[in-house]
Amino acid sequence: MTKALEGVRILDFTHVQSGPTCTQLLAWFGADVIKVERPGVGDITRGQLQDIPNVDSLYFTMLNHNKRSITLDTKNPKGKEVLTELIKKCDVLVENFGPGVLDRMGFPWEKIQAINPRTSRSAPAAPLPPPASATACRSSPARRSAIAAPACISRSASRPRSISASAPAAGRRCSAPCRTAS
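So, how was this worked out
Residues numbered from 1 in each chain as written. Predicted model: local features only at pLDDT ≥ 70, side-chain atom pairs only at ≥ 80, totals over all residues. Heavy atoms only, no water. Core = buried A, V, L, I, M, F, W, Y, C linked by side-chain atoms within 4.5 Å. Buried < 20%, exposed > 50% of the residue type's maximum accessible area, 1.4 Å probe, protein only. Helix = DSSP H or I, 4+ residues; strand = E, 2+ residues; numbered from the N terminus. Contact = heavy atoms within 4.5 Å. Pairing = 2+ DSSP bridges. Axes fitted to C-alpha atoms, helices over the stretch in contact; angles between N-to-C directions. Salt bridge = Lys/Arg side-chain N within 4 Å of Asp/Glu carboxyl O. Expected span 1.5 Å × (residues − 1). Arc of directions from axis to C-beta. Polar contact = N/O pair within 3.5 Å; in protein donor to acceptor, adjacent residues only side chain to side chain.

Caption draft 1: The nonpolar core, seen in detail. In terms of nonpolar packing, the biggest core is built from 16 residues, with Leu11, Phe13, Leu83, Ile87, Leu93, Met105 and Ile112 touching the most fellow members. Counting only elements with at least two residues in this core, the list comes to β1 (9-13), β2 (32-37), α3 (77-89), α4 (101-104) and α5 (109-115). The element best represented in this core is α3, accounting for three residues. Contact partners of Met105, with chain neighbours within four places excluded, come to Phe13, Thr74, Lys80, Leu83 and Phe97.

The structure is reproduced here in structure tokens:
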């Protein structure tokens, strides 16, 4: 059986929880997710809540399995060259940096679009209005995370040149984690 996002390549610049959860869902739907991490440090969650010394934490592995990973120093010319090649080959760039971080890395949205005009960008941590069924449980941090991850799929699907061009079924918002009784 073919997965909905098979053949879609995701460049994952996410960290901590909402972003990796979003890209994890995309990987489960069949996307090829390439996680970009900082050299020497990696994703900060590799060392958080570590059960065994010198081993990636369960927290990290739960949010990042089924992904490929690369460390990339975007401050040197070779790192910028590798990132440019990755952008050329990816359909979607997912990031949850603060405002302006990609610009400071030398990759503002205009440059990314010039490198690969079919690339779509998603930022799962950006505020979205919750689905109607989520209003009753917005105050719960666990519920907010559960809503934020599927939201990245619907946000990407609402843009031109998006994931939905390859797999229309993946663009539906899922409100299952937070249903309220009527």
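Caption draft 2: Molecular detail of the sheet that holds β1. Read from one edge of the open sheet, five strands run β3-β2-β1-β4-β5, paired in parallel fashion. Of all the strands in the sheet, the pair left with one neighbour each is β3 (68-71) and β5 (120-122). Ignoring strand direction, the axes of neighbouring strands in this sheet form an average angle of 20°. The pairing of β2 with β3 spans four bridges and is classified as parallel. The residue bridging Val36 from the neighbouring strand is Ile70, located in β3. Taken strand by strand, α3 contacts β1, β2 and β3, and its axis lies near 140° from that of β1.

Caption draft 3: Summary view of the pattern of salt bridges. On inspection of all chains with the given rule, the structure shows eight salt bridges. Between Lys88 and Glu85 there is a salt bridge; the shortest N-O distance is 3.1 Å. In this pair, Lys88 and Glu85 are both assigned in helix α3, three residues apart and thus about one turn of the helix distant. On the basis of relative accessibility, which here comes to 42%, the residue Lys88 falls in the partly exposed class.

Caption draft 4: The arrangement of unusual backbone geometry in detail. One non-glycine residue, Asn54, lies in the positive phi region at around 65°. Structurally, Asn54 can be placed in the loop between β2 and α2 (58-64). Residue classification places Asn54 among the exposed positions, given a relative accessible area of 79%. In this structure, Asn66 takes a positive phi of about 70° despite not being glycine. Assignment of secondary structure puts Asn66 in the loop between α2 and β3.

Caption draft 5: Structural view of the pairing of strand β4 (residues 92-95). Residues Val92 and Val94 of β4 are buried on one face, and the alternating residues Leu93 and Glu95, pointing to the opposite face, are buried as well. With four bridges connecting them, β1 and β4 associate as parallel partners. Residue pairing in the sheet places Phe13 in a bridge with Glu95 of β4. As paired elements, β4 and β5 share three bridges and run parallel to each other. Residue Val92 lies in a different strand from β5, and its bridge partner there is Ser120.

Caption draft 6: Highlighting α3. Along its 13 residues, α3 runs 19 Å from first to last C-alpha, staying within 8% of the 18 Å computed at 1.5 Å per residue. Where α3 is concerned, the buried positions are Gly79, Leu83, Thr84, Leu86 and Ile87. An end-on view of α3 places all buried positions within 165° of arc, on one side of the element. Opposite the packed face of α3, turned more than 90 degrees from it, sit the exposed residues Pro77 and Lys78. Its side-chain oxygen 2.9 Å from the backbone nitrogen of Lys78, Asn76 forms the N-cap of α3.

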